[in-house]
Amino acid sequence: MSTARPHPVIAIDGPAASGKSTVARLLADRLGFSFVGSGTLYRALAWGLIQTGIDPADEAAVATAFGTLDFACGLERGRSWVAINGRRLGTELEEPATNAAVSPASRVPALRDLVVDRLRAFRLDCPLVMEGRDIASVVFPDTPWKYYIDASPEVRQRRRAAQGQTDSVSDRDRADRSRASAPLVVVDGAVVIDSSEIAPDGVVEAILADLAAHQAAFLPAMPN
Ligand code: CDP
């Protein structure tokens, strides 16, 4: 049996458009870790389901259909990628139809199990900063590094609009918080950061300061 210690994971959870993916990307680059946006895996499957003509709100249909999709994901140069039926996905993940399908599809427990397995496998390769809704609660509950990034609903809706997106973050919040399977929660021990008035760099500094205060062994030596 291997006695190697698992790679460190920094879990960053939070509601839609709280700025967590920008923060997670910056943090990963500062630490030399890989960045994984777990939402892209759910989005890829939601997009694939749309292509097969499945109604994402039909839980039974989703539960049978997602397994027929040829779904692949991996890490390349510090970032995760996703593909359906051999097609690497980019802008498809942000299409309005994908925005609308992703929360209903990601309620389905069997689909979540598949994604959680893939997310855990990334840790076999390298240290990670992973962001999502259930990274601290379900995917890596053993990590000591848990952050929850929030912002007011008004600020989040504005940030979403600034990305050129017109979907309602409050509708997605409601769906993500109220679902039975892995709802969005703040776990015990998570450090909550309200980013309403703080730019991404400031949030990254706050996380680095917390990691330093807890003497995280993976931190690069800081200049005095
Ligand atoms: O738009 P935003 O970046 O906030 O969301 P995302 O991270 O791309 O996630 C899109 C949707 O996928 C969420 O609204 C959730 O319904 C679902 N999701 C999830 O259920 N669990 C995760 N770990 C990540 C995303």
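Residues numbered from 1 in each chain as written. Predicted model: local features only at pLDDT ≥ 70, side-chain atom pairs only at ≥ 80, totals over all residues. Heavy atoms only, no water.

Draft legend 1. Geometry of the environment of glycine 90. With respect to the secondary-structure elements, glycine 90 resides in the loop between strand S5 (87-88) and helix H4 (96-105). Residues glycine 90 and threonine 40, 50 residues apart in the sequence, show an inter-C-alpha distance of 9.2 Å. (Helix = DSSP H or I, 4+ residues; strand = E, 2+ residues; numbered from the N terminus.)

Draft legend 2. Geometry of helix H5 (residues 109-122). Its 14 residues place the ends of H5 20 Å apart at the C-alpha level, agreeing with the 20 Å of an ideal helix rising 1.5 Å per residue. If you check which residues of H5 are buried, you get Leu111, Arg112, Val115, Val116, Leu119 and Phe122. Around the axis of H5, the buried residues are gathered within 130 degrees of arc, so they sit on the same side. (Expected span 1.5 Å × (residues − 1). Buried < 20%, exposed > 50% of the residue type's maximum accessible area, 1.4 Å probe, protein only. Arc of directions from axis to C-beta.)

Draft legend 3. Expanded view of the side chain of lysine 20. As for its placement among the helices and strands, lysine 20 is situated in helix H1 (residues 20-31). Beyond its immediate chain neighbours, meaning those up to four positions away, lysine 20 contacts Ile12, Asp13, Gly14, Pro15, Glu131, Gly132, Arg133 and Ile149. (Contact = heavy atoms within 4.5 Å.)

Draft legend 4. The site of the ligand, seen in detail. Among the 18 residues in the neighbourhood of the ligand, the closest are listed as Arg43, Arg112, Asp134, Arg172 and Asp176. Contact distances for the ligand include 2.8 Å between an oxygen atom and a side-chain N or O atom of arginine 179. Its free accessible area being 530 Å², the ligand has 94% of it covered by the protein chains. Elements with a contribution of two residues or more to the shell around the ligand: helix H2 (39-51), H4 and helix H8 (169-178). Of the residues forming the shell around the ligand, the biggest block, three residues, is contributed by H2. (Near = heavy atom within 4 Å. Polar contact = N/O pair within 3.5 Å; in protein donor to acceptor, adjacent residues only side chain to side chain. Areas by Shrake-Rupley, 256 points an atom, 1.4 Å probe, with all protein chains shown as cover.)

Draft legend 5. Quick look at the packing of H4 against H8. At a minimum axis separation of 9 Å, H4 and H8 run at an interaxial angle of 15 degrees. When the axis of H4 is compared with that of H8, the two are roughly parallel. The hand of the H4/H8 crossing is left-handed. Contacts from Asn99, Val102 and Ser103 of H4 reach H8 at Arg172, Ala175 and Asp176. (Axes fitted to C-alpha atoms, helices over the stretch in contact; angles between N-to-C directions. Parallel < 35°, antiparallel > 145°, perpendicular 65-115°, else oblique. Left-handed = near helix turned anticlockwise from the far one by under 90°.)

Draft legend 6. View of the packing of aromatic side chains. One pass over the full model with this rule turns up two aromatic pairs. Measuring from centroid to centroid gives 5.7 Å for tryptophan 145 and phenylalanine 218, while their planes differ by 90 degrees, and the two rings are edge-to-face. Taken together, the positions of tryptophan 145 in strand S7 (residues 145-150) and phenylalanine 218 in the segment after helix H9 (200-213) put the pair 73 residues apart, joining distant regions of the chain. Assessed through its relative accessible area of 13%, tryptophan 145 is described here as buried. The ring centre of tryptophan 81 lies 4.1 Å from the NZ or CZ of arginine 88, which sits over that ring. (Phe/Tyr/Trp six-rings, centres within 6.5 Å; stacked < 30°, edge-to-face > 60°. Lys NZ or Arg CZ within 6 Å of the ring centre and 35° of its normal.)

Draft legend 7. Fine view of the pairing of strand S6 (residues 128-132). Of all the five residues making up S6, five are buried; the element is thus mostly covered by neighbouring parts of the structure. Burial of S6 is two-sided: the residues Leu128, Met130 and Gly132 facing one way and the residues Val129 and Glu131 facing the other way are all buried. Across five bridges, strand S1 (residues 9-13) lies against S6 in parallel orientation. The residue bridging isoleucine 12 from the neighbouring strand is glutamate 131, located in S6. Across four bridges, the pairing between strand S2 (residues 34-37) and S6 is parallel. Bridge assignment links valine 36 to a residue of S6, and that residue is methionine 130. (Pairing = 2+ DSSP bridges.)

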